[in-house]
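# Architecture at a glance
Chain residues, written in single-letter form:
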Amino acid sequence: MTDKRDYYEVLGVDKSADEKDLKNAFRSLARKFHPDRSTEDDAEDKFKEIQEAYAVLSDPEKRQMYDRFGHNTPGGSPFGGFGGGSFNINLEDILGGDFFSSFFGGGSRRSRNRGNDVIFRYSVNLESVFEGTSEELELELPTSCEDCSGTGAENGDIISCSNCGGQGKIRARQQVGPFVQDVIRDCPSCSGMGQIIKTKCKSCKGSGQQLKETKLRFNIPKGAEDGTRLRMRGKGEPALRGRGENGDLFIEIEVEQHDWFERSGADLIMSLPLPYTDLVLGKTIILPHIDGGELKIVVPKLTNSGETIEIRGKGLPRIRGSGRGDVVVLVKLQMPKKVSKSEIKQLESSRQTYTDEELQDTIKQDAVNRRK
Ligand SMILES: [Zn+2]
Ligand SMILES: [Zn+2]
């Protein structure tokens, strides 16, 4: 008992720390050294030490005893078997539900005996989305450690947790408003596993996992949207200590930005800057298209800047339903960078004239159109 570190020192607070200081100190340390999170070898011991210190100092009676007698309390330990870890801290309350949910793969209260989900982002271009392609790639994925069958223990050196009697669960009292309730919680000593690793596996350092080159085959669905997730069941991380099912692997499709198209569902939207003469006289434009063919855009004569041209059935395949979306072309006036003297002369000769009244009518009409 005497080789124990001072509880205040463990939490890094001074003797005058109040309830809030203690909780804050505990929270940040627990987040750092939670054995499920931390990769440090002694995380589990550190975590226990932190829990013990917090359990004592957050209890006014125990704290008083500790302040008087330290670890050498006369007549045995008043703190009741710390070594076994019989302190009752609701980690979820203190660390916040998100600590666990982010770690346990997003599902808010998923069973702990399930491995983490893994998300892998995969970029494809719009052409692949149009076609719907089959992809194959090799990835280093976490798998169960072969040397310890995922248990994390060297030569099966695991002992049953004495705190919960190997059950992984403990009964705890919880204050809910004015009521005191008995609740079943995961045992804090063994994180609900019911077992404690005595000697960690050398290959995986006790994590029970190793990375393994894995070949994956999957299809990019036709018309897939950016952010579409493909689920591969059971290809995620193995369960803690090899007990329970694997998490899932999600492939999140990232659709690369196209050089000129924006997407709106199955529709493709682009703008087409053209010189004044093309807007006046009309023009047919041919562009290479994502379907491997050509996109023919017919700009009629006297097209206004800001008008749109819809080309039906030339967009992306619809995910639901059949057929393809449209291409929507927004025509814009592109001013020339400069103008020569002869051009100015030519343009001056053909400059349009209008009366003040005509101009006001045009402005009025434009306002009406804009408000439509
Ligand atoms: Zn336990
Ligand atoms: Zn191992």
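The structure this text deals with has already been given above.
The notes below deal with the structure included here. (Residues numbered from 1 in each chain as written. Chains lettered and ligands numbered in written order. Predicted model: local features only at pLDDT ≥ 70, side-chain atom pairs only at ≥ 80, totals over all residues. Heavy atoms only, no water.)

## Remarks on the overall build of the protein
Per the secondary structure count, the protein includes ten helices and 15 strands. Counting across all 372 residues of the protein, residues that qualify as buried make up 38%. At a minimum sequence separation of 6, the contacts of the protein that also span at least 24 residues come to 65%. By element, 47% of the accessible surface of the protein is carried by carbon and sulfur atoms, the whole surface being about 22,600 Å². (Helix = DSSP H or I, 4+ residues; strand = E, 2+ residues; numbered from the N terminus. Buried < 20%, exposed > 50% of the residue type's maximum accessible area, 1.4 Å probe, protein only. Contact = heavy atoms within 4.5 Å. Areas by Shrake-Rupley, 256 points an atom, 1.4 Å probe, with all protein chains shown as cover.)

## Observations regarding the sheet that holds strand S15 (residues 327–333)
Pairing is mixed in the open sheet, where four strands are placed in the order S10-S11-S15-S14. The open sheet is flanked by strand S10 (262–264) and strand S14 (308–311), the only strands paired with a single partner. Strand-to-strand, the axes of this sheet are offset by a mean angle of 30°, without reference to chain direction. (Pairing = 2+ DSSP bridges. Axes fitted to C-alpha atoms, helices over the stretch in contact; angles between N-to-C directions.)

## A look at the sheet that holds strand S9 (residues 249–255)
Ordered in space as S1-S9-S8, the three strands form an open sheet in which the pairing is mixed. Single-partner strands in this sheet number two, and they are strand S1 (118–124) and strand S8 (229–232). Geometrically, the sheet is characterised by an average inter-axis angle of 25° between neighbouring strands, direction not taken into account. The pairing of S8 with S9 spans four bridges and is antiparallel. If you follow Leu 230 over to S9, its bridge partner there is Ile 251.

## Some thoughts on the coordination of the zinc ion (ligand 1)
Taken together, Cys 161 (SG), Cys 164 (SG), Cys 187 (SG) and Cys 190 (SG) make up the full set of protein donors to the zinc ion (ligand 1), lying 2.2 to 2.3 Å away. Around the zinc ion (ligand 1) sit four donor atoms; with metal-centred angles ranging over 103 to 114°, the donor geometry is tetrahedral. Residue class for Cys 164 comes out buried when judged on its relative accessible area of 8%. (Donors = N, O, S within 2.8 Å, 3.2 Å for Na, K, Ca; no water. Tetrahedral: all angles 85-135°; square planar, octahedral: opposite > 155°, others 65-115°.)

## A few points about unusual backbone geometry
Backbone geometry places Asn 155, a non-glycine residue, at a positive phi of 50°. Its place among the elements puts Asn 155 in the loop between strand S2 (134–144) and strand S3 (158–160). One non-glycine residue with positive phi stands out, namely Leu 302, at about 55°. Relative to the elements of secondary structure, Leu 302 occurs in the loop between strand S13 (294–299) and S14.

## A word on helix H3 (residues 43–57)
Taking 1.5 Å of rise per residue, the 15 residues of H3 would be expected to cover 21 Å, and the 21 Å separating its terminal C-alpha atoms lies within 8% of that figure. Counting buried positions over the 15 residues of H3 gives eleven, a clear majority of the element. Within the span of H3, buried status applies to Ala 43, Glu 44, Phe 47, Ile 50, Gln 51, Glu 52, Ala 53, Tyr 54, Ala 55, Val 56 and Leu 57. (Expected span 1.5 Å × (residues − 1).)

## Here's the deal with the pairing of strand S12 (residues 283–288)
In the sheet, S12 pairs with S13 via six bridges, with the strands oriented antiparallel. Counterpart to Ile 285 in the pairing with S13 is Ile 297.

## Here's the deal with the environment of Leu 249
Considering the arrangement of structural elements, one finds Leu 249 in strand S9. Separated by 14 residues in the primary sequence, Leu 249 and Lys 235 place their C-alpha atoms 5.0 Å from one another. If near-sequence neighbours (up to four positions away) are discounted, Leu 249 is found in contact with Val 118, Phe 120, Leu 141, Leu 216, Leu 230, Arg 231, Met 232, Lys 235 and Gly 236.

## Focus on the packing of aromatic side chains
Summed over the entire model, instances satisfying the criterion amount to five aromatic pairs. Note on Tyr 7 and Tyr 66: the rings are 4.5 Å apart at their centroids and 35° apart in plane angle, and the pair reads as tilted. Of this pair, Tyr 7 sits in helix H1 (residues 7–11) while Tyr 66 sits in helix H4 (residues 60–69), placing them 59 residues apart in sequence. Relative to Phe 218, the ring of Tyr 122 has its centre 5.1 Å away and its plane inclined at 85°; by these criteria the two rings are edge-to-face. Taken together, the residues span a long stretch of sequence, with Tyr 122 in strand S1 and Phe 218 in strand S7 (residues 209–219) at a distance of 96 residues. Each member of the pair, Tyr 122 together with Phe 218, is buried. Joined through ring pairs, the aromatic side chains of Tyr 7, Tyr 8 and Tyr 66 make up one cluster. Between the NZ or CZ atom of Arg 229 and the centre of the ring of Phe 250, over which it lies, the distance is 5.9 Å. (Phe/Tyr/Trp six-rings, centres within 6.5 Å; stacked < 30°, edge-to-face > 60°. Lys NZ or Arg CZ within 6 Å of the ring centre and 35° of its normal.)

## Details of the nonpolar core
Judged by nonpolar contacts, the single largest core of 37 residues is most densely connected at Leu 216, Phe 218, Phe 261, Leu 295, Ile 297 and Val 329. If sequence neighbours within four positions are ignored, Phe 218 has contacts with Tyr 122, Thr 133, Ser 134, Glu 135, Leu 137, Leu 230, Met 232 and Ile 251. With 19 residues, the next largest nonpolar core counts Ala 17, Ala 25, Ala 30 and Val 56 among its residues. (Core = buried A, V, L, I, M, F, W, Y, C linked by side-chain atoms within 4.5 Å.)

## Some remarks on the packing of H3 against H4
As a packed pair, H3 and H4 sit with axes 6 Å apart at the nearest point and diverge in direction by 105°. Here H4 runs roughly perpendicular to H3, going by the angle between their axes. Contacts between H3 and H4 involve Ala 55, Val 56 and Leu 57 on the former and, on the latter, Lys 62, Arg 63 and Tyr 66. When grouped by side-chain class, the residues that make up the contact of H3 with H4 number four nonpolar, no polar and two charged. (Parallel < 35°, antiparallel > 145°, perpendicular 65-115°, else oblique. Nonpolar A, V, L, I, M, F, W, Y, C, P; charged D, E, K, R; others polar.)

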